[in-house]
Amino acid sequence: MRQISKTLLATSDPADIIESHRAIPYDDTDDAPDNFTHSFSLHIQYKQYPLYGAWKVEADMPLDIFVGLGKTGWGARMMADIQVDETDPDSATLTITDDKFVAGKVIGFDLMPSIDIKISHIRYHLFQSHTWDKVWELNKGPYRFSVVSILGLIIGKLITLGDMIPLGDLLVALFPQNIETGGYYDKNEGIAANGGKLKLTPEVVGDVDLVNFLTTVGEDIIRAVFLPEPPAELVVMAIFALGDIVLTIQDFIVPQVALGPSFGLSSPVEISITDFSVGDSKFNVTDTGSSTFTGTGTGNAVLPADLTGQNVSVSFHADSHYYLLAGAFVQISWLKILSAEARKVWQVLDEAESTRDSTFYNLVGAADLTNSSVDKGNLEGVV
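Below, the structure is looked at part by part. (Residues numbered from 1 in each chain as written. Predicted model: local features only at pLDDT ≥ 70, side-chain atom pairs only at ≥ 80, totals over all residues. Heavy atoms only, no water.)

## Description of the pattern of salt bridges
Okay, so step 1: Using the criterion set out here, one finds 13 salt bridges in the structure.
Okay, so step 2: A salt bridge links Glu58 to Lys56; its shortest N-O distance comes to 3.8 Å. As far as the burial class goes, Glu58 and Lys56 line up, both buried.
Okay, so step 3: Arg343 is paired through a salt bridge with Glu341; the nearest N and O atoms lie 3.4 Å apart.
Okay, so step 4: For Arg343, a relative accessible area of 34% puts it in the partly exposed group. (Salt bridge = Lys/Arg side-chain N within 4 Å of Asp/Glu carboxyl O. Buried < 20%, exposed > 50% of the residue type's maximum accessible area, 1.4 Å probe, protein only.)

## Some words on the pairing of strand β17 (residues 292–297)
Okay, so step 1: Of the two faces of β17, only the one carrying Phe293, Gly295 and Gly297 is buried; Thr292, Thr294 and Thr296 on the other face are not.
Okay, so step 2: Where strand β16 (residues 281–288) and β17 come together, five bridges link them in antiparallel fashion. Looking at β17, one finds that Asn284 is bridged to Thr296. (Helix = DSSP H or I, 4+ residues; strand = E, 2+ residues; numbered from the N terminus. Pairing = 2+ DSSP bridges.)

## Some points on the packing of aromatic side chains
Okay, so step 1: Applying the stated criterion to the full structure yields seven aromatic pairs.
Okay, so step 2: Between Tyr26 and Tyr322, the aromatic rings sit 5.9 Å apart at their centres with planes inclined by 55°, giving tilted as the arrangement. Remark: Tyr322 occurs in strand β18 (residues 311–334) and Tyr26 occurs in the loop between β2 (24–25) and β3 (38–48); sequence separation between them is 296 residues. The residues Tyr26 and Tyr322 share a single accessibility class, namely buried.
Okay, so step 3: With a centroid separation of 6.0 Å and an interplanar angle of 75°, the aromatic rings of Trp74 and Phe316 are classed as edge-to-face. With Trp74 in strand β5 (residues 73–84) and Phe316 in strand β18, this pair connects stretches of sequence that are 242 residues apart.
Okay, so step 4: Its relative accessible area of 2% is what places Trp74 among the buried residues.
Okay, so step 5: Clustering of aromatic rings is evident, with ring pairs tying together Trp74, Phe101, Phe316 and Phe360.
Okay, so step 6: When the ring centre of Phe66 is taken as reference, the NZ or CZ atom of Arg144 above it lies at 4.4 Å.
Okay, so step 7: If you follow Arg144 out to its NZ or CZ, it ends over the ring of Tyr185, 4.3 Å from the centre. (Phe/Tyr/Trp six-rings, centres within 6.5 Å; stacked < 30°, edge-to-face > 60°. Lys NZ or Arg CZ within 6 Å of the ring centre and 35° of its normal.)

In structure tokens, the structure reads:
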């Protein structure tokens with residue numbers, strides 16, 4: 001078997017969902033411009049040598065910021081390792097390692113922080129310079145937060161302050177709750193271990209708590225009936241003040257129940273490997289193992305002795321959908337700490353279904369994306 005050097009293939013490194021970073025959109029008819037979403041990064045780096053230089057603390061806290069309204073799309077990053085049978089040039093195997101697949105949509109303003117902290121201890125050597133031994137390391141992230149979702153919760157709280165807006169408390173009670181702050185985004189890895197297929201399901205689901213809404217309606221009715229008369233107003237205000245105290249104590253003693261409808265959006269995409277190539281030799285995937293793909297050539301595979309300037313490519317087929325979701329949820333909490341919830345949503349409307357074949361290219365053995373390209377292919381089947 002002839003070993004082809006490992007090659008980095010990617011839409012971007014790291015993979016993201018911005019089309020200007022070569023992510024592959026679900027729908028070319030989307031009204032959002034290609035480059036309407038932009039990203040930039042901030043890094044906070046800090047190094048310290050306490051205890052007379054015996055210890056070193058290194059912290060790297062990158063923050064990726066995404067602003068705009070991007071198309072729904074997917075991206076990937078992976079290392080491709082190909083072996084070609086020299087006795088049978090039409091037989092080859094593909095191994096995919098270190099793969100990361102992402103899918104989703106930027107809506108407004110997303111933050112993606114991560115943190116890397118490393119603590120090292122100095123080690124001195126005789127007749128040579130010292131070295132540092134790593135004793136502890138923390139790597140967390142990246143985490144994705146939708147600022148739009150967070151601001152929605154804050155605005156909902158502000159509306160109810162001081163009864164600034166008539167019936168504002170009712171509007172807030174109907175606001176969807178429990179929206180994931182991770183935004184409209186999903187990630188996955190291990191396409192080789194999953195038989196050459198991966199499914200990503202970016203979705204956002206919100207719950208409307210009918211128990212809280214009915215409680216709010218009841219309080220508003222009491223206020224509307226009794227508050228116009230000054231003597232009764234004092235009594236009712238005292239009752240509400242006492243009620244707030246009782247409810248606060250009750251929240252920590254009596255289990256609280258929330259239930260109601262759930263609504264959301266989802267755009268799953270299933271990505272599969274169809275073929276790969278080295279130079280002009282193309283191999284269709286005919287079998288998948290636990291980490292490799294067997295490829296059969298088209299009958300004219302000729303692998304040159306010198307692969308300098310030759311490309312390695314891997315092709316993918318993607319099936320994507322747009323779903324509207326509806327369902328119900330129930331949540332029980334106790335002591336403001338312990339909680340359990342169940343939620344079930346169904347696909348009530350499939351707005352569109354599309355397929356797209358895409359190919360990632362890069363020079364044999366390339367460890368960066370300087371000479372790489374992505375053929376996004378043509379979108380088919382949009383309804």
